[in-house]
Structure formats: structure tokens, C-alpha cells
Amino acid sequence: MRKYTFVILLSLSSLLAGAQTLSPTVKAFVKVDAPVIALTHVRVIDGTGAAAREDQTIILSKGKIESVGDAASANVPKDVQVLDLQGDTVIPGLVGMHDHMFYPKGYAVFGEMATSFPRLYLAGGVTTIRTTGTLEPYTDLELKKSIDAGQTPGPKMHVTGPYLEGKGSWAIQMHQLSGPDDAAKTVNYWLDEGVDNFKAYMFITRGELKAAIDAAHKRGAKVTGHLCAVTFREAADLGIDDLEHGLFVDTEFQAEKKPDECPGFGDDPVGMAKLDVNSGPLYDMIQYLVQHHVAMTSTLPVFEMGSFAGRPTVQKRVLDALSPDARTAWLANRIHVESTEYLQKNYASDHSPWPAAFEKELEFEYAFAKSGGLLLAGLDPTGMGGVIAGFGDQREVELLVEGGFTPLEAIRIATYNGAQYLGELDRIGTIAPGKQADLVVIKGDPSKKIEDIENVETVFKDGIGYDSAKLIESVRGMVGLQ
Ligand SMILES: [Zn+2]
């Protein structure tokens, strides 16, 4: 009963969100706004994984997709706004599944980017996000209200509750649960406040995690985790819905692992690289997660940063978005983690173990998806910096292709799969008649060259087209500050 009330309330609020008037701040970024819009002669990648269709016409009406079909036979009504998009591609709005509103400020403290990140997500083609853990839950909730009311430019938000963290955490901004009762109490409190999902963190114990999952499920909310003290298999047994980051953070193959304890920093890149995705314990774990319907969120950009010397390529757009201090800190961090001194101190070697671990992570995610697991895509704008809202979501799709997925499969993971997990596939996630007009207009053809996904021109959210370049320009030098 309670579950149904929750669902009805959710759909009511999204109906109300449709009947919005935009504030001057939002209007400043609007490029296309008309009751009916025709996108003509465009290549369509619909998000299902189907091949790109050339020379299509999409009609948008009152915020929804009315029709999609061959441009030659399309019936374009008179007096509608026509955008001739020859040479361009339209994909569904990205559904970012590890898309925090915060950025690292150093010394394990994270700052809310309440101004820059909503704009950068939207500019990057991300029309729906799950915040996947928050350090300022009320800021995220107010931001969501403001975006839905048309007061602030940004994506549709699924606000995750504050991290469900156990005793011993390194993160000073997180509450440390005092036990299972506190876990259930915390979940219920934040559901009352308006969050719709939760993320468990590294030091949570099995007892606390079980209490949190049970309390959340009772009210129709899902739980994901970046775990360490609890292993992937244990979490699957407790009924968790999703696991963040993949194999990098699974501790079950570590010899020194003790129940309910997080060994070291949780990662073991040397041991991880030796595991085999096709047989033995890792293969068995993959099958176990698939059988238990546990999704997996890929966050490759945060791991690429720091794994490989010289990767990712330093992009001007990233440098431009960062504040001078954040820029200096990030570039210094890059040099530091590649230094012999750092490698010797941490790994007693001149060579980093991370490139091999990263390759294993790519293999793991590919094997998980090919075994029938639901793979989701996010960026995780944390780590040593330089992973930025929107740009990082695009990088995630490129890295999935590096991992063996075709561009069409990678786009599906970043659109359809996220919508499916969120229970919103009937409204978003693909390009089909009747769905919300959440679309990204891209110069080029990402089905042939995935890097074209960076060439976002216009982002439609509920049928309103936003100017990507203008959004990015408006937050120049702000990331790291606000
Ligand atoms: Zn995260």
C-alpha cells in the first residue's frame, strides 16, 4: 500500500514539473522552444542498441516525442519550428547513474557544486541523474525542486540520501551509523524528506546494510553501495539492488578480508589483475550477481584518472571549467601519482599496478553485461579531480567502447539501462513516440566515432532545447568553487 502511494506521489510530482514556467536564468540558455518542433534529416540512435537510422524526422510536441520516421515520408505540420540537422545525430538524453553534485576540495573534503554541476550535466547531454550519495542532502533536494520548477538549469534528479556509512570512516562529512536501528531510522527519515534511493558506503556492516535495505524496500526505494567491509556476494544475499564501481572495490578475493571489516583502502590492484573473468571465483561471482538481479554501475572515468600515465588527455574544456586553484591541484596530482617516489612508496615498484587493474575492470564489466547483468553508467566526479559533470559522462561512454562494447551498446548502457533501473523506461531512456522529449543533438556520428559524443550542440529536456556551449561558458572557472 505504502509502495503504491509512493509511486503515485512520484508521478504526480513529475506531472506538475511539466507545467512549469521558466525563470529568466533558465531562459537565458534556451535555444529552441516551440509547442511543436521538427528535427529533420537527422541520424537517429534510439538507445535500444539498434543500428543508427539515417535521414529521419522527429516531431516533438508539448514536451514529448510525437513521431520518429523517414524524413522522406514524414508529415511535418505547417507553422512548426523546423531544425534541419543534416550531418547531426540525435541520441536519448543520458541517464547518469553515479553523478554526484560535489567535487573534491582536498584533504578528503568535498564541496557542493550547486551552480556549475547542474549546468554541466545538462550541457553534456545528461538529462537525468541519480546523485548516488550526497554530503549536502538538503542542497540536493532544494536543487531538485528548483530545477523541476524551472528556476535553475539542470537535469532531472533522483536524489540519493546521505551516505549510509559505518564506524571507522575516513570521511568527516558522513554520519557514522551506530547500528541497524540507526540505519533503518536514517533511511525512513530521509525518505520522509524526499530522497528516493540510498547508497551504502565502505564501513557499513552486514547488519546495518540489511536494516537499511529492508527499510528502503518496504517503501519502494532502491539501495546501491560502494562497499568494502561487506563483499559483493554478501550484499547480493542481503538484497542490494546495485553495486558501484565494479571489481575495483570488491574485497571478497583478498586473503586478509575479515567479516564486517574494510581491509586497508579496499582495493588490491595487483591481486585484482590476476583474477579470471571466464572461470573460477570471479566468474562464479559474476553469475551470482546476475542470478540475484544486482545491477553494476561502471565509473571508469574516475579510475582512468590516476591509472595511466598521461591519461586522460588534458582537454582545454576541462581546464577552462576548473577554478585556478582546482586546476593547479589536479595537474599537480597527476604529476604526483606518476612519480617514481609515489610508486615506490605505495607499490615498491617503478611501475604502477593500475593499468593492468583497469584492463581487468574493463573485462569484468564486459563479462558482467554479456552474462545478462544490468550495467549502468556514471562518472564519479571525485578521486584526484579533473573528472567533471557532463564531460565525464561522455568519457564514460568512450571508455565502455574501449572495453569492447560497440558504440551502440555503450550508448544503450548510458541511456536505456539507467532508465530501466530507475523504473522510468516508459518515459525516458530511448527515442520513441510517447516518451518525454529528452534528446541530445550531436555534431557527427557517434555510432562510427564514439568521441563525437563530445560534440553536443543542443540538449532537449521535456522538449525545450538548451544551448550546450552557453551553459558551459556560464560556469567557466567555477568547478572547485561553486
Ligand atoms: Zn561516488
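The rules behind these values
- Residues numbered from 1 in each chain as written.
- Predicted model: local features only at pLDDT ≥ 70, side-chain atom pairs only at ≥ 80, totals over all residues.
- Heavy atoms only, no water.
- Helix = DSSP H or I, 4+ residues; strand = E, 2+ residues; numbered from the N terminus.
- Rg over C-alpha atoms; globule rule 2.2 N^0.38 Å.
- Buried < 20%, exposed > 50% of the residue type's maximum accessible area, 1.4 Å probe, protein only.
- Areas by Shrake-Rupley, 256 points an atom, 1.4 Å probe, with all protein chains shown as cover.
- Lys, Arg positive; Asp, Glu negative; His and termini not counted.
- Charge placed at Lys NZ, Arg CZ, Asp CG, Glu CD.
- Donors = N, O, S within 2.8 Å, 3.2 Å for Na, K, Ca; no water.
- Phe/Tyr/Trp six-rings, centres within 6.5 Å; stacked < 30°, edge-to-face > 60°.
- Lys NZ or Arg CZ within 6 Å of the ring centre and 35° of its normal.
- Disulfide = S-S within 2.5 Å.
- Contact = heavy atoms within 4.5 Å.
- Pairing = 2+ DSSP bridges.
- Axes fitted to C-alpha atoms, helices over the stretch in contact; angles between N-to-C directions.
- Parallel < 35°, antiparallel > 145°, perpendicular 65-115°, else oblique.
- Nonpolar A, V, L, I, M, F, W, Y, C, P; charged D, E, K, R; others polar.
- Salt bridge = Lys/Arg side-chain N within 4 Å of Asp/Glu carboxyl O.
- 1 Å grid on protein atoms, 1.4 Å probe; cavity = no way out; pocket = protein on both sides within 12 Å on 5 of 7 lines; lining within 4 Å.
- Points joined across faces, edges and corners; volume = space filled by probe spheres on them.

A. Quick peek at the overall build of the protein. Secondary structure summary: the protein contains 17 helices and 19 strands in total. Scaling as 2.2 N^0.38, a compact globule of 482 residues should have a C-alpha radius of gyration of about 23 Å, and the protein matches this with 22 Å. For the protein, the residues scored as buried account for 57% of the 482 residues in total. Per element, the accessible surface of the protein, about 19,400 Å² overall, is 55% carbon and sulfur. Put simply, the protein has 45 plus and 64 minus side-chain charges, and the middle of one group is 4 Å from the middle of the other.

B. A look at the coordination of the zinc ion. Only H98 (NE2) and H100 (NE2) from the protein reach the zinc ion as donors, at distances of 2.0 to 2.1 Å. For H98, a relative accessible area of 0% translates into the label buried.

C. Representation of the packing of aromatic side chains within the structure. Within this structure, the stated rule accounts for 15 aromatic pairs. Centroid distance Y342 to Y347: 6.5 Å. Interplanar angle 75°. Geometry classified as edge-to-face. We classify Y347 as partly exposed; its relative accessible area is 26%. Members of the aromatic cluster, joined through ring pairs, are F102, F110, Y163, W170 and Y201. Positioned above the aromatic ring of Y288 is the side chain of R233, whose terminal nitrogen or guanidinium carbon lies 4.5 Å from the ring centre. The residue whose ring lies beneath R311 is F308, and the NZ or CZ to ring-centre distance is 4.3 Å.

D. Looking closely at the state of the cysteines. Evaluation of the coordinates by the stated rule reveals one disulfide. A disulfide bridge connects C228 with C262, and the sulfur atoms are separated by 2.0 Å. Where C228 bonds to C262 through sulfur, the torsion about that S-S bond is close to 80°, and the disulfide is right-handed. With C228 in the loop between β13 (222-225) and α7 (232-238) and C262 in the loop between β14 (242-244) and α8 (269-273), this pair connects stretches of sequence that are 34 residues apart. When sorted by exposure, C228 lands in the same class as C262, which is buried.

E. Focus on the environment of K257. Considering the arrangement of structural elements, one finds K257 in the loop between β14 and α8. The residues touching K257, leaving out its near neighbours within four places in the chain, are C228, A229, T231, T251 and P263.

F. Structural context of the sheet that holds strand β15 (residues 295-298). What the five strands build is an open sheet, ordered β12-β13-β14-β15-β16; its pairing is parallel. Every other strand in the sheet has two partners, leaving β12 (197-200) and β16 (375-377) as the edge strands with one partner each. Pairwise comparison of adjacent strand axes, ignoring direction, gives a mean angle of 30° for this sheet. The sheet contact formed by β13 and β14 spans two bridges and is parallel. In the sheet register, T224 faces β14, and the bridge partner there is D242. Sheet contacts for helix α6 (residues 206-218): β12 and β13; angle to β13, the most-contacted strand, approximately 150°.

G. Region of the structure containing the packing of helix α14 (residues 354-370) against helix α15 (residues 391-402). Direction vectors running N to C along α14 and α15 enclose 85°, while the axes themselves pass 9 Å from each other. What the angle tells us is that α14 and α15 run roughly perpendicular. When α14 is examined against α15, the residues F358, E359, L362 and E365 are found in contact with a partner set consisting of L399, L400 and E402. A class-by-class count of the residues in the contact of α14 with α15 yields four nonpolar, no polar and three charged.

H. Broad picture of the pattern of salt bridges. Evaluated as defined, the whole model comprises 27 salt bridges. A salt bridge links K360 to E363; the shortest N-O distance between them is 3.5 Å. Here K360 pairs with E363, and both are found in helix α14, just three residues apart, close to one helical turn. Among the residues examined, E363 registers a relative accessible area of 37% and is labelled partly exposed.

I. Inspection of the pairing of strand β4 (residues 64-70) at higher detail. Pairing of strand β3 (residues 53-61) with β4, which is carried by six bridges, proceeds in the antiparallel orientation. Across the sheet, residue S61 finds its bridge partner in β4, namely K64. Here β3 folds back onto β4, and the loop between the two strands holds two residues, one of which, K62, carries a positive phi near 50°.

J. Structural detail: empty space enclosed by the protein. Within this structure, the stated rule accounts for one cavity of 30 Å³ or more. Considering only enclosed or pocket space, the largest cavity measures out at about 40 Å³ in volume. Around the largest cavity, the lining residues are L94, V95, G96, A377, G378, D393, E396 and A414. At the level of elements, β7 (94-96) and α15 are the ones that each hand at least two residues to the lining of the largest cavity. The class makeup of the residues in the lining of the largest cavity is four nonpolar, two polar and two charged.

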